[in-house]
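One-letter residues, chain by chain:
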Amino acid sequence: DVKVTQSSRYLVKRTGEKVFLECVQDMDHENMFWYRQDPGLGLRLIYFSYDVKMKEKGDIPEGYSVSREKKERFSLILESASTNQTSMYLCASSLSAGTTYLEQYFGPGTRLTVT
Amino acid sequence: GIQVEQSPPDLILQEGANSTLRCNFSDSVNNLQWFHQNPWGQLINLFYIPSGTKQNGRLSATTVATERYSLLYISSSQTTDSGVYFCAVDAGGTSYGKLTFGQGTILTVHP
């Protein structure tokens, strides 16, 4: 079975802190994604990576950066946390078959509160 | 970008009832997935179904790509089926596999 893990289920940080959210997958997937989920806004893509050291901006990249130094690990970084970044953060991974992106598998999520 | 609409937004059932959830999308898609989000927020994969019909126990799904809709059937519902059901699509092209989610159907199953 595919397993995607995230470093924390719940996290509380102060405004202005630098925050790291870690995601690890164990199935050698080349693609990894970070989404956030907010009431009324649904799930939105923040960043995406299709290979080590490669990244692409999603729909809402402002205020975030990412790092992918190893294939199995994809980190989301909040350079200076703000209260509007309080949200549920979900990581996902998938394989590709040629130019087709296959089924995405999600981690358990991290509920981040910024006070 | 592509639009994804799910209906109904809310559904309340008695245990044992059957239900059909619908997902309409506004453009052709490479992939379509159905998820169940449990009360702890975890998205559980139900189906990866860009076209055709699949079944898994009491659940089945059908996607008619040419008509741009997908249906999720839940038979003999149980209280553990409660939660939010999401449809998500990958529009292909320059989307890099990004999933665009519908707003979800909130299912409540009473004993």
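Preceding this paragraph is the structure being described.
Definitions and limits used
Residues numbered from 1 in each chain as written. Chains lettered and ligands numbered in written order. Predicted model: local features only at pLDDT ≥ 70, side-chain atom pairs only at ≥ 80, totals over all residues. Heavy atoms only, no water. Contact = heavy atoms within 4.5 Å. Buried area = accessible area lost by both parts, 1.4 Å probe. Salt bridge = Lys/Arg side-chain N within 4 Å of Asp/Glu carboxyl O. Polar contact = N/O pair within 3.5 Å; in protein donor to acceptor, adjacent residues only side chain to side chain. Helix = DSSP H or I, 4+ residues; strand = E, 2+ residues; numbered from the N terminus. Nonpolar A, V, L, I, M, F, W, Y, C, P; charged D, E, K, R; others polar. Disulfide = S-S within 2.5 Å. Buried < 20%, exposed > 50% of the residue type's maximum accessible area, 1.4 Å probe, protein only.

Enquirer: Looking at this structure, I do not really get the interface of chain B and chain A. What am I missing?
Expert: Interface size is commonly expressed as the accessible surface area that is lost when the partners come together. Between chain B and chain A, the residue contacts involve 18 residues of the former and 24 residues of the latter. Carbon and sulfur atoms make up 50% of the surface buried where chain B meets chain A, a total of about 1800 Å² over both sides. At the junction of chain B with chain A, the criterion picks out one salt bridge. Joining chain B to chain A, the criterion identifies 11 residue pairs in polar contact (both at pLDDT 80 or more). Of all the secondary-structure elements, those providing two or more residues to the side of chain B that touches chain A are β4 (31-37), β5 (43-48) and β9 (83-90) of chain B. Residue contributions to the side of chain B that touches chain A peak at four residues, all from β4(B). For the side of chain B that touches chain A, the residue count by class is eight nonpolar, eight polar and two charged.

Enquirer: Just checking my understanding: could you explain the state of the cysteines for this structure?
Expert: By definition, a disulfide links two cysteine residues through a covalent bond between their sulfur atoms. Following the criterion strictly, the structure yields two disulfides over all chains and no others. The disulfide partner of A:Cys23 is A:Cys91, and the S-S distance across this bridge is 1.8 Å. Where A:Cys23 bonds to A:Cys91 through sulfur, the torsion about that S-S bond is close to -80°, and the disulfide is left-handed. In this pair, A:Cys23 sits in strand β3 (residues 19-25) while A:Cys91 sits in strand β9 (residues 87-94), placing the two residues 68 residues apart along the sequence. Exposure class is identical for A:Cys23 and A:Cys91. Each is buried. The side chain of B:Cys23 participates in a disulfide bridge whose partner is B:Cys87; the two sulfur atoms lie 2.0 Å from each other. The chirality of the disulfide connecting B:Cys23 with B:Cys87 is left-handed, given an S-S dihedral of about -55°. Taken together, the residues B:Cys23 in strand β3 (residues 19-25) and B:Cys87 in strand β9 connect sequence positions 64 residues apart.

Enquirer: Is there a simple way to think about the side chain of B:Gln33 in this case?
Expert: For B:Gln33, the position within the fold is in strand β4. Take B:Gln33: its relative accessible area is 2%, and that puts it in the buried class. Ignoring any residue separated from it by four or fewer positions in sequence, one finds B:Gln33 in contact with A:Leu102, A:Glu103, A:Gln104, B:Asn45, B:Phe47, B:Tyr48, B:Phe86, B:Cys87, B:Ala88 and B:Leu99.

Enquirer: I would appreciate a short explanation of the pattern of salt bridges in the present structure.
Expert: Residues and elements named next belong to chain A. Inspection of every chain in the model, using the stated rule, returns nine salt bridges over all chains. Residue Asp28 is joined to Lys71 by a salt bridge in which the shortest nitrogen-to-oxygen separation is 3.2 Å. Residue Asp28 is found in the loop between β3 and β4 (31-38), and its partner Lys71 is found in the loop between β7 (64-70) and β8 (73-78); the two are separated by 43 residues along the sequence. Under the relative-accessibility criterion, Lys71 is labelled partly exposed at 29%.

By themselves, these are just geometric observations and shouldn't be taken as functional.
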